[in-house]
Amino acid sequence: MAEEQVKTDNELDEQVEAIRRLALAQIRQYPDPVLRLEAQEVREFDGDLAQLVDRMIRLMHDARGVGLAANQVGILRRVFVLQADEDQEPRALVNPVIVERSDVVDDDDEGCLSMQGVVVPVERPVRIRLEARDEGGNPVTLELEGLPARVAQHELDHLDGVLILDRTTPEGRREAMAVLRQSAAL
């Protein structure tokens, strides 16, 4: 291999960051009004849905996220993708519904691909049971705990037009709004 073909770590880091910025440019950013709209139930499990899921998984990976809801890419369909654990395959959940929540809750920091630079505390149940369909229309039931449960609840909130700004403390919201105003000014 010729010396000029070998990429340095800095070049690789720059390339990864460039890919991340391109992905984030395709993800709706606060205060885009679509983020406040409720997504509609998916009725057709077809090629269009499969393409949407593939695009969302690619964007989630490129943006360095662990979840992405369809309305974050401007599509008002009840679909989200998640991969909270690197060791597991990403998965799509269509028409998801939480059917059980634990009484035990945890307060932890959350960020959002639609609100760059914002990290706020959000209280959520630590365990949930979720029923949905996969992109092929097959029924799926998931028992999620810890980070995967948090990610699923965050993405399901997106499908309902709810943001982490709505779930955080008043102080967390003030700090988040300051970051968002500063980002808008740049």
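Just above sits the structure.
Because the structure is a prediction, the values reported are computed rather than measured.

Undergrad: I'd like a rundown of unusual backbone geometry, residues and numbers included.
TA: In terms of backbone geometry, most residues other than glycine have negative phi values and most peptide bonds are trans. Following Y30, the chain continues to P31 via a peptide bond in cis, the omega torsion being 10°. With respect to the helices and strands, the residue P31 is situated in the loop between α1 (9-25) and α2 (47-62). Backbone geometry places R64, a non-glycine residue, at a positive phi of 70°. Assessed through its relative accessible area of 56%, R64 is described here as exposed. Even without being glycine, N95 reaches a positive phi, approximately 55°. Tracing the chain through its elements places N95 in strand β3 (residues 91-101). With relative accessibility at 16%, the residue N95 sits in the buried group.

Undergrad: I'd love a proper account of the pattern of salt bridges, names of residues and values included.
TA: Tallied over the full model, the rule gives 12 salt bridges. Across the salt bridge formed by R150 and E110, the nearest N and O atoms sit 2.6 Å from each other. Here E110 lies in strand β4 (residues 105-112) and R150 lies in helix α3 (residues 147-159), a separation of 40 residues in the sequence. Here D157 and R167 are joined by a salt bridge, their closest N and O atoms 2.8 Å apart. Taken together, the residues span a long stretch of sequence, with D157 in helix α3 and R167 in helix α4 (residues 164-167) at a distance of 10 residues. For D157, a relative accessible area of 8% puts it in the buried group. What emerges from the salt-bridge pattern is a single network uniting E110, R124, R150, D157 and R167.

Undergrad: Can you tell me about the pairing of strand β5 (residues 115-125), naming the residues and giving the values?
TA: Two strands pair when backbone bridges link them, and β4 and β5 are joined in this way by eight bridges, in the antiparallel orientation. Directly across from G111, in β5, lies its bridge partner V119. The hairpin formed by β4 and β5 contains two residues between the paired strands.

Undergrad: Run through the sheet that holds strand β1 (residues 67-69), naming residues and quoting values.
TA: Within the open sheet, the five strands sit side by side as β1-β2-β3-β6-β7. Their pairing is antiparallel. Lying at the two open borders of the sheet, with one neighbouring strand each, are β1 and β7 (139-145). Ignoring strand direction, the axes of neighbouring strands in this sheet form an average angle of 40°. Sheet strands touched by α3: β1, β2 (79-82), β3, β6 (127-133) and β7. Its angle to β2, the strand with the most contacts, is close to 155°.

Undergrad: Talk me through α3; I want residue IDs and the actual numbers.
TA: For α3, with 13 residues, the first-to-last C-alpha span of 19 Å sits near the 18 Å given by 1.5 Å per residue. Counted residue by residue, α3 has 11 buried out of 13 residues, so it is predominantly covered. Among the residues of α3, A149, R150, V151, A152, Q153, H154, E155, L156, D157, H158 and L159 are the ones counted as buried. Looking one or two places after α3, you find G161, whose phi comes out positive at around 75°.

Undergrad: I'd love a proper account of the environment of L159, names of residues and values included.
TA: Its location among the elements puts L159 in helix α3. Separated by 54 residues in the primary sequence, L159 and V105 have C-alpha atoms spaced 21 Å apart. With residues near it in sequence (within four places) discarded, L159 still touches L37, E38, A39, A69, A70, N71, R77, R78, V79, F80 and P96.

Undergrad: Could you give an account of the nonpolar core, naming the residues involved and the relevant values?
TA: Among the nonpolar cores identified, the biggest contains 20 residues, and L49, V53, M56, L68, V79 and V81 are the most heavily contacted of them. Within the residue set of this core, elements represented by two or more residues are α1, α2, β2 and β3. Sort the elements by how many residues they give to this core and α2 lands first, with seven residues. Beyond its immediate stretch of four places on either side in the chain, L49 contacts V42, E44, R77, V79, V94 and E135.

Each value, and the rule that gives it
- For every chain, the first residue of its written sequence is number 1, and the numbers climb from 1 along that sequence.
- Only residues with pLDDT of at least 70 are given local features in this predicted model, and only at 80 or more are side-chain atom pairs given and counted; all residues enter the totals for whole chains, interfaces and linings.
- Here the side-chain values reflect all heavy atoms present in the structure, with hydrogen atoms and water set aside.
- Only DSSP runs of H or I with at least four residues qualify as helices, and only runs of E with at least two residues qualify as strands; both kinds are numbered from the N terminus onward.
- Accessible area is worked out with a 1.4 Å probe on protein chains only. A residue is then buried under 20% of its type maximum, exposed over 50%, and partly exposed in between.
- Any Lys or Arg side-chain nitrogen located within 4 Å of an Asp or Glu carboxyl oxygen qualifies as a salt bridge.
- Strand pairing follows a simple DSSP-based rule, namely that at least 2 bridges must link the two strands.
- Axis lines are fitted to C-alpha atoms, over the contacting stretch for helices. Their N-to-C directions set the angle, which ranges from 0 to 180 degrees.
- Here, residues are in contact when the closest pair of their heavy atoms is within 4.5 Å.
- One less than the number of residues in a helix, times 1.5 Å, gives the span that helix is expected to have.
- The criterion is simple. A nonpolar core is a set of buried Ala, Val, Leu, Ile, Met, Phe, Trp, Tyr and Cys residues joined through side-chain atoms within 4.5 Å.

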